[in-house]
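A closer look at the structure
These are the residues of each chain, in order.
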Amino acid sequence: MRVQEFSLRRNRPHNGGMRILVVEDNEGIAAGLRANLMQRGYAADVCDTVASAWHALSTEHFDAVLLDLGLPDGDGSEIVRRLRAQVSRPGVAQLPDASTPVLILTARDQVQDRVAGLNLGADDYLVKPFDMDELEARLRAMMRRAVGQASPVIRHGDLEVD
């Protein structure tokens, strides 16, 4: 199991210092993602296997996961499956966090692959090669949606719906 931690603790003007878990076994792609994310003000941790990613998610909080599917010890979709199977208790922080947004980042470009990944519980799906500006926009959109789902209670004036 290998987890590499790379944290940036300065100037986070537009992303609030989001911590991203990058699950990618190709060292060149992983290094490029880490460097680009850090340059944009994110903290990034890199794992290269299903096992190391699950360990990281079970021991640390992440704001989002960028997930490759083709990993040496199994399919990355297993991470999504296991993450979404976690039982969340309202108001109780627990790890792994079933609500952690997941963006699948893979070379699998067939429509049925994208549909399967999204139906499994991924929040977004982006095919390699990709543009970093698009990836960052998708990360920000995922986080906006996640914040909107933070409370099961909808309020409008004096009206509350649970």
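Scroll up for the structure.
Details of the nonpolar core
Membership of the largest hydrophobic core comes to 19 residues, with the highest contact counts inside it found for Ile-20, Leu-37, Leu-66 and Leu-135. Of all the secondary structure elements, the ones that give two or more residues to this core are β2 (19-23), α1 (27-39), β3 (43-47), β4 (64-67), β7 (102-106) and α5 (132-148). Counting residues per element, this core draws most heavily on α5, which supplies five residues. Discounting residues that sit within four places of it in the chain, Ile-20 has contacts with Leu-37, Tyr-42, Ala-43, Ala-44, Asp-45, Phe-62, Ala-64, Leu-66 and Leu-139. Counting residues in each nonpolar core, the second largest holds 16 residues, with Leu-21, Cys-47, Trp-54 and Leu-83 among its members.

Overview of the pairing of β2
Across the five residues of β2, five count as buried, placing the element largely inside the fold. With burial as the criterion, each face of β2 is covered, one bearing Arg-19, Leu-21 and Val-23 and the other bearing Ile-20 and Val-22. Of the pairings in the sheet, the one linking β2 to β3 comprises five bridges and is parallel in character. Considered in β3, the bridge of Arg-19 is made with Ala-43. Pairing of β2 with β4 involves four bridges; the strand directions are parallel. Considered in β4, the bridge of Val-23 is made with Leu-67.

So, how was this worked out
Residues numbered from 1 in each chain as written. Predicted model: local features only at pLDDT ≥ 70, side-chain atom pairs only at ≥ 80, totals over all residues. Heavy atoms only, no water. Core = buried A, V, L, I, M, F, W, Y, C linked by side-chain atoms within 4.5 Å. Buried < 20%, exposed > 50% of the residue type's maximum accessible area, 1.4 Å probe, protein only. Helix = DSSP H or I, 4+ residues; strand = E, 2+ residues; numbered from the N terminus. Contact = heavy atoms within 4.5 Å. Pairing = 2+ DSSP bridges.

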